[in-house]
Amino acid sequence: MDSTLDFPRTDLGFTPTPLHPLDRLSQSVGGPRLWIKRDDCTGLGTGGNKTRKLEFLMGDAIAQRADTVITYGAVQSNHARQTAAACARLGITCHLILSRRVAWRHPEYESNGNVLLDRLFGAKVHIVEPADVEARSRALVADLTDRGRHCYVVPTGGSNSVGALGYVRCAEEIAAQTKTLGFEPDAIVHATSSGGTQAGLIIGAIRSRLGCDVIGINVYDTDHAQLERRVSRLVDDTKRRVQLPAEEMPRVRIVHDYLGEDYGIPTRQTIDGIRQLASLEGIVCDPVYSGKALGGLLEMLRTSELRSARNIIFVHTGGIASLPVYLDAFPT
């Protein structure tokens, strides 16, 4: 499928990713037929949703003749890992500023999982306290610029209107795939945090005339209003970037009921959902993003209007590289 998005882009992932039914899980849960969009299979650096964003972000960086990329995330950031892999693929120096944002205790939390991969991909890793991120970033950019480097700064999660183009494109994929498969989705459900995936899917669904809700399950913000504002702002920015007609009024729908204690802390529904999908379909989710969203979706199928839907697509955004540092979340 060839997108109509006319912006700088570099091929990094294996797309279109598969869209296939989860019939054993659907039978177990009851209600609608569940489908899974396999963005865990994008390929780059073990795959995940950030690859789609990075195709446009790195395309923009190359267009600006950048030779150094700087980005941010929590210590076990999937976005940081995929950014490091993209830079390795393209021969661009990568700096990752990783904050101790998550209150999860594991002896290898700062050395295994995504952090191990960051370093294997050749990234320069800076682990800092949350309060020090901004100052460390300013100092790093200033130092690199003084040394003649051309820096391109990628926001947390790759979430701006450039990165969101990756999920405008994903929605176009979904529209083409559902047409081929002969069904119309009632909803697309996914984990929402930095907001770019949801913003892109919302705008892409409108452009592609999918006619379904895009439901983000909050896995990040205890300040619900802050997440709502962030996604709404990204939707507006992306709408302008792709020049969507002004009369189109995107709907932002975020469910906050399944966050639990905080970002990066799995809930009971998270672990139950991961176990259920793995044992019935042979597919593994992570306990921070897709696993938490899946647990929320399965609960919604028992308690919300989604139970009466016919077809629901769950977007698997990847992230299983962090599993080794979440061993204690899965008691035997």
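In case you missed it, the structure is sitting above this.
Here, residues in each chain are numbered from 1, in the same order as that chain's written sequence. Owing to the predicted nature of the model, reporting of local features is limited to residues with pLDDT of at least 70; listing and counting of side-chain atom pairs is limited to 80 or more, with chain, interface and lining totals taken over all residues. In computing side-chain values, all of the structure's heavy atoms are included and hydrogens and water are not.

**Q** Account for the overall build of the protein, with residues named and values stated.
**A** Where helices and strands are cited, they refer to DSSP runs of H or I of at least four residues and of E of at least two residues respectively, numbered from the N terminus. The helix and strand tally for the protein stands at 10 helices and 10 strands. For 332 residues, the compact-globule estimate of 2.2 N^0.38 gives 20 Å, and the protein sits close to it at 19 Å. Across its three principal directions, the C-alpha atoms of the protein cover 60 × 50 × 35 Å. Partly exposed residues are those whose accessible area sits between 20% and 50% of the maximum for their type, while under 20% is buried and over 50% is exposed, using a 1.4 Å probe and protein chains only. For the protein, buried positions account for 60% of its 332 residues. Contacts are residue-level and defined by heavy atoms, with any inter-residue pair within 4.5 Å sufficient. Pairs at least 24 apart in sequence give 81% of the contacts found in the protein among residues at least 6 apart. This radius of gyration counts C-alpha atoms alone. The globule rule is 2.2 Å times how many residues there are, raised to the power 0.38.

**Q** Describe the packing of helix α2 (residues 50-63) against helix α3 (residues 78-90), with residues and values.
**A** Angles shown run from 0 to 180 degrees and are taken between the N-to-C directions of axes, each axis being a line fitted to C-alpha atoms and, for helices, limited to the stretch in contact. Viewed as axis vectors pointing N to C, α2 and α3 meet at an angle of 50 degrees, and their least axial separation amounts to 10 Å. If you check the angle between α2 and α3, you find them oblique. For the pair α2 and α3, the crossing hand works out as right-handed. Between α2 and α3, the residues in contact are Lys-50, Thr-51, Leu-54, Met-58 and Ile-62 and Asn-78, His-79, Gln-82, Thr-83, Ala-86, Cys-87 and Leu-90, respectively. By the convention adopted, Pro, Cys, Tyr, Trp, Phe, Met, Ile, Leu, Val and Ala count as nonpolar, Lys, Arg, Asp and Glu as charged, and the other residues, Gly among them, as polar. A breakdown of the residues in the contact of α2 with α3 according to their chemical character gives 6 nonpolar, 5 polar and 1 charged. Relative orientations are named as follows: roughly parallel for angles under 35 degrees, roughly antiparallel for angles over 145 degrees, roughly perpendicular for angles from 65 to 115 degrees, and oblique for any other angle. For a crossing to be left-handed, the near helix must be turned anticlockwise from the far one by less than a right angle; the clockwise case is right-handed.

**Q** Which residues make up unusual backbone geometry, and what values do they have?
**A** Cis geometry marks the peptide bond from Thr-15 to Pro-16, where omega comes out at 0 degrees. With respect to the helices, strands and loops of the structure, Pro-16 is situated in the segment before β1 (19-21). One non-glycine residue with positive phi stands out, namely Arg-209, at about 60 degrees. Residue position: Arg-209 is located in the loop between α7 (196-207) and β8 (213-218). Unlike most non-glycine residues, Gln-243 shows phi in positive territory, near 60 degrees. Its place among the elements puts Gln-243 in the loop between α8 (224-241) and β9 (253-255).

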